[in-house]
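Survey of secondary and tertiary structure
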Amino acid sequence: MVRHFLSVTDLSRAEAEALLDRAAALKAEWHAGGKGVHPGLPMQGKTLALVFEKPSLRTRVAFEAGVTQLGGHPSYLSANDIDMGGRESVPDVARNLSRWVQVIAARVFKRSTVETLARYATVPVINALCDVEHPCQALADMLTLRERFGRTQGLTLAYVGDGNNVCNSLMLLGATLGVSVAVASPPDYRPDPEFVARAEALAADSDATITITSSPDEAVGGADAVYTDVWTSMGQEHESARRRPAFQPYQVDTALMAHADPRAVAMHCLPAHRGEEVTAEVIDGPRSVIFEQAENRLHVQKALVLTLLEL
Ligand code: CP
Ligand code: NVA
C-alpha cells in the first residue's frame, strides 16, 4: 500500500524516532562528505514533484537540494504552472503526476486538497504545509530539540502566538515524542479544539501534557524551548491589521525568554517578522536555534522521502 505523510500523526512514536535517527545519520554523512552527494545516490532516476500553491523558501529548497544530493530530480510546479483545481482537477493532477514521478510534495491552502491528491495518487504524497498542519517543520523541530538536549522525552516547549498549522503539528508530534507543549495565545486565536484533544490523547500515552493559556509568562515559565511563528499566516493577509493589536502582548523578546529555563532555546519556523512576533535580539541571540531548525529541514525531508520510497 502507498504510504503518505499528510499529518505528523501518520507516524507512530517508533516510526518518528526512526525517522529522526535516519535524519541524524544523513546529516552526519552529508557533513562528513563535504556537503556533496550521498554515496550510492539512492534516488537516482527518481523525480519528486513539488506542487506549491503558496510561496516557500525553506520547504522548496530543502526538498530540491535534498533530492539532488540523493541523486534524484525535483520538478517544481507553482500555481502559475498548473493552476490545480482551475486548469485541471486535483484528482487529475494526482493521476497524471503518478504516471511520471515517484513522490509528490504539495503545499496547499486547504487540507482537503492534499487529502484529495493522496486519495488519487498512486505514489506517496507529502503535506508540505496546509492550513491546519506543517508536519515537515515539526520533524525538523524535534530533531533540533533532540540534538540540543539529547532527548525529547520530558522536555517542555512553550509555543507563544497564533494557534496555527505550525502550532498544531508541534502539539501533535511533541505529544507523540514525550514533549509537553504549553500554548499561549490570544483568546480568539487559540488552536482548534480538535487538534488540542488529539494532542492530549497522544500526550496521555507519552507522559506529556498539553496546556492552553492566554498568559505567555505562564507558558514560558521554566520551559526548555520557546517557539513562535508569524501572527498572520499565508492566506490570512486580509486579517493582518485586526490581528496585530491582539498579538502585541505575545511578542517573544529577551524579557519573556528570561522566564524560561536558563538553558532554554528560542525557536521559529521562519520566515520571521523581526519586531513583531519576535525581536531581532532573540533571533540573532545566543539562545537561538532558528537556523539549525532551517538546516534540519534538509535532513528530515531527505529521511522522509527515502522512508516513503522504502529506500
Ligand atoms: N518554515 C517554512 O516552511 O518556510 P517556507 O515557507 O519558506 O518553506
Ligand atoms: N504559519 C505560517 C508558516 C509558514 C512556514 C504560514 O502558514 O504562513
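Scroll up to find the structure this text is about.
Residues numbered from 1 in each chain as written. Chains lettered and ligands numbered in written order. Predicted model: local features only at pLDDT ≥ 70, side-chain atom pairs only at ≥ 80, totals over all residues. Heavy atoms only, no water.

Time to look at the state of the cysteines. All chains considered together, the criterion is met by zero disulfides. The thiol of C130 is not disulfide-bonded; the next cysteine sulfur, from C136, is found 11 Å away. Left unpaired, C167 is separated from the closest cysteine sulfur, that of C269, by 11 Å. (Disulfide = S-S within 2.5 Å.)

Right, let's get into the sheet that holds strand β6 (residues 180-184). An order of β7-β6-β5-β8-β9 is seen for the five strands of this open sheet, with the pairing classed as parallel. Lying at the two open borders of the sheet, with one neighbouring strand each, are β7 (210-213) and β9 (265-268). The sheet shows a mean angle of 20 degrees between the axes of neighbouring strands, taken without regard to direction. Across four bridges, β6 lies against β7 in parallel orientation. Directly across from V183, in β7, lies its bridge partner I212. The sheet contacts of helix α6 (residues 135-149) involve β5 (156-160), β8 (225-228) and β9, and relative to β9 the element is tilted by about 165 degrees. (Pairing = 2+ DSSP bridges. Helix = DSSP H or I, 4+ residues; strand = E, 2+ residues; numbered from the N terminus. Axes fitted to C-alpha atoms, helices over the stretch in contact; angles between N-to-C directions. Contact = heavy atoms within 4.5 Å.)

Our focus in this paragraph is α6. Helical geometry note: an α-helix holds 3.6 residues per turn, so side chains three or four residues apart project in the same direction. Taking 1.5 Å of rise per residue, 15 residues should cover 21 Å, and α6 covers 21 Å from first to last C-alpha, within 8% of that figure. Within α6, 13 of the 15 residues are buried, leaving the element largely enclosed by the surrounding structure. (Expected span 1.5 Å × (residues − 1). Buried < 20%, exposed > 50% of the residue type's maximum accessible area, 1.4 Å probe, protein only.)

All residues adjacent to ligand 1 are S56, L57, R58, T59, R107, H134, Q137, C269, L270 and R297. Here a nitrogen atom of ligand 1 sits 2.8 Å away from a polar atom, N or O, in the main chain of L270. Coverage of ligand 1 by the protein amounts to 95% of the 250 Å² it exposes when considered alone. Partitioning the shell around ligand 1 into residue classes produces three nonpolar, four polar and three charged. (Near = heavy atom within 4 Å. Polar contact = N/O pair within 3.5 Å; in protein donor to acceptor, adjacent residues only side chain to side chain. Areas by Shrake-Rupley, 256 points an atom, 1.4 Å probe, with all protein chains shown as cover. Nonpolar A, V, L, I, M, F, W, Y, C, P; charged D, E, K, R; others polar.)

Tallied over the entire structure, the rule returns 13 salt bridges. Close ionic contact of E15 with R3 constitutes a salt bridge, the shortest N to O distance being 3.0 Å. You can see E15 sitting in helix α1 (residues 13-32) and its partner R3 sitting in the segment before α1, a full twelve residues away along the chain. Two residues, E194 and R111, come together in a salt bridge whose shortest N-O distance is 3.9 Å. (Salt bridge = Lys/Arg side-chain N within 4 Å of Asp/Glu carboxyl O.)

What follows concerns the pairing of β6. When you tally the buried positions in β6, you get five out of five residues, the bulk of the element. As paired elements, β5 and β6 share five bridges and run parallel to each other. Residue pairing across strands places V160 opposite A184, the latter belonging to β6. What joins β5 to β6 is helix α7 (residues 165-176), and the crossover it makes is right-handed. The parallel pair β6 and β7 is bridged by helix α8 (residues 193-206), and the resulting crossover is right-handed. (Right-handed = clockwise from strand over helix to strand, strands pointing away.)

In this section: the packing of aromatic side chains. The relation between two aromatic rings is expressed through the spacing of the ring centres and the mutual angle of the planes. For the structure shown, the criterion picks out four aromatic pairs. Judged by centre distance (5.7 Å) and plane angle (65 degrees), the rings of F52 and Y76 are edge-to-face. Of this pair, F52 sits in strand β1 (residues 47-52) while Y76 sits in strand β2 (residues 73-78), placing them 24 residues apart in sequence. Using a relative accessible area of 2% as the deciding quantity, one classes F52 as buried. The exposure class of Y76 is partly exposed, given its relative accessible area of 22%. Ring geometry for Y189 versus F247: centroids 4.8 Å apart, planes at 45 degrees, classification tilted. Separated by 58 residues along the polypeptide, Y189 in the loop between β6 and α8 and F247 in helix α10 (residues 240-247) bring together distant segments of the chain. Each member of the pair Y189 and F247 is classed as buried. Each member of the aromatic cluster is reached from another via a ring pair, and the members are Y189, W231 and F247. The ring centre of Y76 lies 3.5 Å from the NZ or CZ of R60, which sits over that ring. (Phe/Tyr/Trp six-rings, centres within 6.5 Å; stacked < 30°, edge-to-face > 60°. Lys NZ or Arg CZ within 6 Å of the ring centre and 35° of its normal.)

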